[in-house]
Structures are given as C-alpha cells and as structure tokens.
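# Survey of secondary and tertiary structure
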Amino acid sequence: MMFLTDFADQAVVLPIVAAVAIVLAALGWRRGALAWLGVTGLTFGVILLLKLSFLACGPVFGPWALHSPSGHTAAASVVAGGLVAILAGSRLAVLLAAGLAAIAIGMSRLELGYHSLPEVAIGAVAGVGGAVLLAYLAGRPPRPRPVPLLAVAVVVAVLLHGMHLPAEAAIWRASRGALDFVPACRG
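What counts, and at which threshold
Residues numbered from 1 in each chain as written. Predicted model: local features only at pLDDT ≥ 70, side-chain atom pairs only at ≥ 80, totals over all residues. Heavy atoms only, no water. Helix = DSSP H or I, 4+ residues; strand = E, 2+ residues; numbered from the N terminus. Contact = heavy atoms within 4.5 Å. Areas by Shrake-Rupley, 256 points an atom, 1.4 Å probe, with all protein chains shown as cover. Lys, Arg positive; Asp, Glu negative; His and termini not counted. Charge placed at Lys NZ, Arg CZ, Asp CG, Glu CD. Salt bridge = Lys/Arg side-chain N within 4 Å of Asp/Glu carboxyl O. Buried < 20%, exposed > 50% of the residue type's maximum accessible area, 1.4 Å probe, protein only. Phe/Tyr/Trp six-rings, centres within 6.5 Å; stacked < 30°, edge-to-face > 60°. Expected span 1.5 Å × (residues − 1). Arc of directions from axis to C-beta. pLDDT = per-residue confidence, 0-100.

### Some words on the overall build of the protein
On a plain count of helices and strands, the protein comes out with nine helices and zero strands. When contacts within the protein are restricted to residue pairs at least 6 apart in sequence, those whose partners lie at least 24 apart make up 82%. Carbon and sulfur atoms make up 75% of the accessible area of the protein, which totals about 9,300 Å². Seen as two clouds, the 11 positive and the 6 negative side-chain charges of the protein have centres 18 Å apart.

The following block contains the structure:
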C-alpha cells in the first residue's frame, strides 16, 4: 500500500503540477496552463486550510474522527482527473478518473491507518470537485491533444516516487494554538 500512496505525496505531485503547467504553456495553451495551476493550487489550499482548522480546533471535530483531511486523496484525484480533462475534455471521463484515483489512494490511506473514512471522503470531495472545476475552466483541449504532458507527468512521477515532503509535520506545528481565540477550540 505504501508503494501506491507514495505516488500522491506532495514531493511527487507538486513537481508534476509544475511540469504539466510548463508543457501546457510551451504548447501555447495558456488557458489550460492557467486553469491547471489555479485549480490544483485552489484544491491544495482548501485541504491546507481544512487541515489547519481541524488540527487547531480538535475538540470541535473530535467526535467525527476528523483530524486531518487526506491531502494525498485530494492531490491524486485532482491531478488524475485534471490530466484527463486536459487530454480528453470529457467531463464523464474526468469524473471517472478522479473518482478512481480517490478510491485507490483513499483506500491505501485507510489501510495504512493514516486517515479515517471521513478524512478520506473530504479529500476525495475536494479533489474530484477540483478536477471537475478544472475541466470546466480549461475548456476543450486544442488539436492536436497535448499528449506529451502525459509522458512528462509519468516520467516525473517515476523519478520522484518514494520521496516524501514533511508537509504534515509543518502543518501540525503551524496549527498549534492557531484558533485558541475560539472558545470551543481550546483544548
């Protein structure tokens, strides 16, 4: 399971996002590149804010086993669905790809004990929603379809697989005491 989940680590996903944006811009599809960067950034930002809120205000979310929404699940689904959006432009295919990525990575996160089912579900909703938004904002892919970006994404993923970004520890440190001004959040 660790082999699978490592493909969605930020150390792998962030370089893929950057590489795909560069390829799209180099191919002259600025709308696609801007939509790709904007929506993946928005999806990652939403997960970051949720993680900070859930960690900083644990007493409020404790009964639902919510401590840290799955960023791996969100990242996998927005990137997989986003790549399909850019390659195919079919919203049904985007939903399918994003959903399958969310299920695969979400199950690996559950199996490894890193997240609860609600945390994985929140990550899945954020990632699939991001992929659908990306398909809408990017519009139809130009002709010929930007297939080289798929090759670039695969090469980056294979080269960086197994690398880890200590993002969770940094988020945990940043959340300590961040919402102490809210009475319900005081531990």
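### Points about the pattern of salt bridges
Inspection of the entire model under this criterion finds one salt bridge. Of the charged contacts in the structure, one is a salt bridge between Lys51 and Glu168, with a shortest N-O distance of 2.9 Å. One end of the pair, Lys51, is in helix α3 (residues 30-56); the other, Glu168, is in helix α9 (residues 167-175), and 117 residues separate them in sequence. For Lys51, a relative accessible area of 6% translates into the label buried.

### Some words on the environment of Ile86
Relative to the helices and strands, Ile86 is located in helix α5 (residues 71-87). Through-space distance from the C-alpha of Ile86 to that of Trp172 is 34 Å; in sequence the pair is 86 residues apart. When near neighbours in sequence (up to four residues on either side) are disregarded, Ile86 contacts Leu24, Trp29, Trp36, Pro141, Pro146 and Leu149.

### Remarks on the packing of aromatic side chains
According to the stated counting rule, one finds one aromatic pair in the structure shown. Considering the side-chain rings of Phe3 and Phe7, the 5.4 Å spacing of their centres and the 90° angle between planes classify their relative orientation as edge-to-face. With a relative accessible area of 59%, Phe3 lands in the exposed category.

### Section: helix α8 (residues 148-160)
Think of an α-helix as turning once every 3.6 residues; residues three or four places apart then point the same way. Taking 1.5 Å of rise per residue, 13 residues should cover 18 Å, and α8 covers 18 Å from first to last C-alpha, within 8% of that figure. Looking only at α8, the buried set comprises Leu149, Ala153, Val156 and Ala157. For α8, the angular spread of buried residues about the axis comes to 100°, placing them on one side. Opposite its buried face, α8 presents the exposed residues Val158 and Leu159, each directed more than 90 degrees away. Of the surrounding elements, those touching the buried residues of α8 are α2 (10-26) and α5. Trailing α8 by a residue or two, Gly162 shows a phi angle of about 95°, which is positive.

### Structural notes on the confidence of the model for the protein
Per-chain confidence: the protein averages 90 in pLDDT, with 96% of residues scoring 70 or above. Helix α6 (residues 91-111) holds the highest mean pLDDT among the elements of the protein, 97, whereas helix α4 (residues 58-61) holds the lowest, 69.

### Side note on the environment of Met1
On the secondary structure map, Met1 appears in the segment before α1 (2-5). Separated by 103 residues in sequence, Met1 and Ala104 have C-alpha atoms that sit 9.6 Å apart. The contact partners of Met1, leaving out residues within four places of it in the chain, are Ser108, Glu111 and Leu112.

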